[in-house]
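# What the coordinates show
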Amino acid sequence: MFGEWKNKSDQSVKDKNQWKIDNMFRPDSEKYSTGNKRQQQLTNSIIQNLIISMGLPMSIVDHVSFKKFMNDVDPKYKCINHRNLTRSYLPILQKKCVVKLQEICAQSSYASLTLDVWSDRRMRSYFGIILHVIINDEYRSFLLSFEQLEGNHAGDKLAAEFDRVIQLYNLNNKIVRLITGNTNNNLAAFDNIVLPGFEDDFDVTTGDQSESDSNDELSDENAGGNAQQLHACEVDDSVYQATLKPTTEEEFLRLPCFCHSLQLVVNDGIKSSGQALSCLKKVASLAKFAHTSTLFAERLEKKNDLILNSRDRNILEEFVSLFELFNEATVLIRGESYATVSLVAPIVLGILFDLEHELNSSTLILVSLCKTLISSLKARFSGLLRQFEIDVPNSSYCTSERFSDAIFIISSLLDPRFKLLWLDNLDTVVKVRVLEKIRIAFVRFFSKLTFYTAHNAGADTSNATESTDVFVGTKDNDSSTKRITSDDKSEILMELDAYLCEESREEDLLFSKKHIYPRLYQLALKYLTVPATSAPIRRVFSQSGFLMRPHRASLTEKNVDNTIN
């Protein structure tokens, strides 16, 4: 029996092509073949971990020291060269990545996109697009495109690249929202975009003004028509007078970056705070001088009250306190593993109520700063705040009306972390009216979701014109609810009420109990895919900046695309 076992063991070792320890570390041992698993494992590790993840130069594989290092790791490994890496391995990996992404897009019923333009140190411009989906009840993000742009960044070029990506990954009927920066070219390319097959559902309007990302200002140019040729440029920082609509139920395909809009409020506040600026200049001068003189730096560490008096300290502490919530909101809103669009309404209301509470304090020093922050917040988010019957100025910014999109309210309701808690600071009578609006919007959203699903399943398109969710504004926003019977409406609202009575605040409540709340689960799958900010694509740009360092000036466009994608 032992002999039979020994023979089988020896045979299994031979079948696995295993080598002896002496042969493995013998310098003159023959190299692995190209198809050897160990050869492929080390090659893939070099590409994935060193070239792509760590961003090391591709030419490292030809360096003598690297070859010596790999010989110490495994003498049988045959090093790849730079030529094969750029002409064979990377293109093959890139094609596999595209195929995998196409499979992911095919599995997803709904998708949202963040997109923006970025320029590297050599002033080469790139257009990036990130996909946001919920797969197996988990939030996932994938880079779909990182293509170089040539010439001016006109809106038509961005639209053409966007259309190419949409067709490549077959996302025509799956897009829920687009999140972009507020530059002129982004607005020109995507503000009035109409997805194939839904032209009749759009009531396209022109005349919208745009907000520059470079200096956060407004443009007097038209965002449609001739605006297709707009380029990023400095524009006038003025608010335009607009006849604001009453409570609106419009939905928009393109939404502005919430982070950007929030930082504009911060910028407005800082510009108006002369008292805080004088203290900040003192701190900046101290910090700068401390880095120019070692003697001064030593003395500064021993003196806590140098130059800054007690009033300065109080002003700085108050300055930090007023912006504390802005900082917390900015950090939270940039998350990738959880829903962020649901944070927008609670954050805006929370900051507004906190600032109003601070303004009523008798000890407040930075009164002008607090007033400016409140005024700017109401102006830049007037579309959202008007739905809570909060007085907002008649002068507004072009992006403020985009926050009237009902998705910001519905998504907060669908987030178990909030449900309706974020409405507690509203007046009781106002809260009752807002709750009724939310219930009506919830029924309307589910109605459109139902007809949208039927439309994609092959239903008569003439009976599903209200089912699409990607429209700028419908002429009859309530027409879809008329197709639901009173019994259907009752069942939908009963499910909503049962969900609101749940004591659990777990983030994945709707996913873990989808069998109990099937309608809410379907809504969550669709609308919680939407990110609140374009921060995900900005993170890719930051990583790209490390990759395209000054001493890597010969990095070609093709290799950049293959490495990042």
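Here goes a summary of the coordinates provided. (Residues numbered from 1 in each chain as written. Predicted model: local features only at pLDDT ≥ 70, side-chain atom pairs only at ≥ 80, totals over all residues. Heavy atoms only, no water.)

## Concerning the pairing of strand 3 (residues 138–149)
Where strand 2 (residues 125–135) and strand 3 come together, eleven bridges link them in antiparallel fashion. Across the sheet, His132 pairs through a bridge with Ser141, a residue of strand 3. Counted along the chain from strand 2 to the antiparallel partner strand 3, the turn is two residues long, and its residue Asn136 has a positive phi close to 50°. (Pairing = 2+ DSSP bridges. Helix = DSSP H or I, 4+ residues; strand = E, 2+ residues; numbered from the N terminus.)

## Topic: the environment of Tyr110
On the secondary structure map, Tyr110 appears in the loop between helix 5 (82–107) and strand 1 (111–119). Residues Tyr110 and Ile135, 25 residues apart in the sequence, show an inter-C-alpha distance of 9.9 Å.

## Quick word on the packing of helix 3 (residues 37–53) against helix 5
Between helix 3 and helix 5, the shortest axis-to-axis distance is 12 Å and the interhelical angle comes to 90°. By the angle class used here, helix 3 and helix 5 are roughly perpendicular. Together, Thr43, Ile47, Gln48, Ile51 and Ile52 of helix 3 and Leu85, Tyr89, Leu90 and Leu93 of helix 5 make up the contact between the two elements. Each residue belonging to the contact of helix 3 with helix 5 can be placed in one class, and the counts come to seven nonpolar, two polar and no charged. (Axes fitted to C-alpha atoms, helices over the stretch in contact; angles between N-to-C directions. Parallel < 35°, antiparallel > 145°, perpendicular 65-115°, else oblique. Contact = heavy atoms within 4.5 Å. Nonpolar A, V, L, I, M, F, W, Y, C, P; charged D, E, K, R; others polar.)

## Concerning the sheet that holds strand 3
An order of 3-2-1-4-6 is seen for the five strands of this open sheet, with the pairing classed as mixed. The open sheet has two edge strands, strand 3 and strand 6 (254–256), and neither has a second partner. Strand-to-strand twist in this sheet, taken as the mean axis angle between neighbours without regard to direction, amounts to 25°. Two strands pair when backbone bridges link them, and strand 1 and strand 2 are joined in this way by eight bridges, in the antiparallel orientation. The residue of strand 2 that forms the bridge with Trp118 is Tyr126.

## Regarding the packing of aromatic side chains
By the definition in use, this model includes 13 aromatic pairs. Ring geometry for Phe511 versus Tyr521: centroids 5.9 Å apart, planes at 90°, classification edge-to-face. With Phe511 in helix 18 (residues 509–512) and Tyr521 in helix 19 (residues 518–527), this residue pair connects regions lying ten residues apart in the sequence. Of the two residues examined, Phe511 and Tyr521, each falls in the buried class. Clustering of aromatic rings is evident, with ring pairs tying together Phe258, Phe381, Phe403 and Phe408. It is Lys419 that lies over the ring of Tyr499; its NZ or CZ is 5.1 Å from the centre. (Phe/Tyr/Trp six-rings, centres within 6.5 Å; stacked < 30°, edge-to-face > 60°. Buried < 20%, exposed > 50% of the residue type's maximum accessible area, 1.4 Å probe, protein only. Lys NZ or Arg CZ within 6 Å of the ring centre and 35° of its normal.)

## Focus: the nonpolar core
Grouped burial of nonpolar side chains is what soluble globular proteins tend to show. Counting 91 residues, the largest nonpolar core has Phe258, Phe326, Val344 and Phe388 as its most contacted members. In this view, Val344 contacts Phe258, Ile333, Leu384, Phe403, Phe408 and Ala532; residues no more than four positions away in its chain are not counted. Membership of the second largest hydrophobic core comes to 25 residues, among which are Val98, Phe142, Leu144 and Leu178. (Core = buried A, V, L, I, M, F, W, Y, C linked by side-chain atoms within 4.5 Å.)

## Comments concerning empty space enclosed by the protein
What the rule picks out here adds up to three cavities of 30 Å³ or more. Put simply, the largest cavity is a space of about 120 Å³. For the largest cavity, the lining is made up of 15 residues, of which His132, Glu336, Tyr338, Thr529 and Pro531 are closest to its centre. Listed by contribution, the elements that provide at least two residues to the lining of the largest cavity are strand 2 and strand 3. Top element by residues in the lining of the largest cavity is strand 3. It accounts for three residues. Here the lining of the largest cavity is built from residues that sort into eight nonpolar, five polar and two charged. Lining the second largest cavity are 14 residues, and of these Tyr139, Leu414, Pro416, Glu507 and Leu528 lie nearest its centre. Here the lining of the second largest cavity takes three residues from helix 18, the largest share from any one element. Partitioning the lining of the second largest cavity into residue classes produces ten nonpolar, no polar and four charged. (1 Å grid on protein atoms, 1.4 Å probe; cavity = no way out; pocket = protein on both sides within 12 Å on 5 of 7 lines; lining within 4 Å. Points joined across faces, edges and corners; volume = space filled by probe spheres on them.)

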